[in-house]
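# A structural walkthrough
Chain by chain, the residues:
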Amino acid sequence: DTLFFFATLFVFVESLGEMGLIRELGDVLTDIFAEVPLDSRLPTACFIMLWVAGIGSAFLESLPFTTTVTYILISLMNNNTLEIPMMPLAW
């Protein structure tokens, strides 16, 4: 039962990725971060990611949520125009 439960959660996260919801969330966050001035971009990104993590973890278990946030961080990391260091956001 436990193995089936975790397998279902990972299938759920992968289906969110295939539907484009995770990519869309990453794009929305990228747009928000790009609107903030460069000198306050990192604190704002940390604050928003903290809230995204808090709200997201209320709906997903820890492992699937970690996978989801990893996909979002990879999307943010691949955007070179943001100039945000990813290590603070990853922690």
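Report on the accompanying structure. (Residues numbered from 1 in each chain as written. Predicted model: local features only at pLDDT ≥ 70, side-chain atom pairs only at ≥ 80, totals over all residues. Heavy atoms only, no water.)

### Here we look at the packing of helix α2 (residues 21-35) against helix α3 (residues 41-59)
Stated precisely, the cut-off is as follows: Fitted lines through C-alpha atoms give the axes, limited to the stretch in contact for helices. The angle between two N-to-C directions lies from 0 to 180 degrees. Where helices and strands are cited, they refer to DSSP runs of H or I of at least four residues and of E of at least two residues respectively, numbered from the N terminus. Roughly parallel means an angle under 35 degrees; roughly antiparallel means over 145; roughly perpendicular covers 65 to 115; every other angle is labelled oblique. The sense of a crossing depends on the near helix, which, turned anticlockwise from the far helix by less than a right angle, makes the crossing left-handed and, turned clockwise, makes it right-handed. In what follows, residue pairs with any heavy atoms lying within 4.5 Å of each other are defined as contacts.
Put simply, α2 and α3 touch, their axes get as near as 9 Å, and they point 150 degrees apart. Between α2 and α3, the angle falls in the class roughly antiparallel. Two packed elements cross with a definite hand, and for α2 against α3 that hand is right-handed. Residues Leu29, Ile32, Phe33 and Ala34 of α2 form the contact with α3, whose participating residues are Arg41, Thr44, Ala45, Ile48, Met49 and Val52.

### Looking at the environment of Glu24
What counts here: Only protein chains enter the calculation, and the probe is 1.4 Å; a residue is then buried if its accessible area is under 20% of its type maximum, exposed if over 50%, and partly exposed in between.
Relative to the assigned elements, Glu24 resides in helix α2. For Glu24, a relative accessible area of 46% gives the class partly exposed. For the pair Glu24 and Ser75, spaced 51 residues apart in sequence, the C-alpha separation works out to 9.8 Å.

### What to know about the packing of aromatic side chains
Quick reminder of the rule: Aromatic contacts are taken between Phe, Tyr and Trp rings whose centres are within 6.5 Å, Trp giving its six-membered ring; a plane angle under 30 degrees counts as stacked, one over 60 as edge-to-face, and the others as tilted.
Under the counting rule described, the total for this entry stands at two aromatic pairs. When the centroid spacing of 5.4 Å and the interplanar angle of 65 degrees are considered together, the rings of Phe5 and Phe6 count as edge-to-face. Using a relative accessible area of 38% as the deciding quantity, one classes Phe5 as partly exposed. Where Phe47 meets Trp51, the ring centres are 6.4 Å apart and the plane angle is 65 degrees; that geometry is what we call edge-to-face. One end of the pair, Phe47, and the other, Trp51, are both in helix α3, four residues apart, so they sit about a helical turn from each other. Trp51 matches Phe47 in its accessibility class, with the two residues each being exposed.

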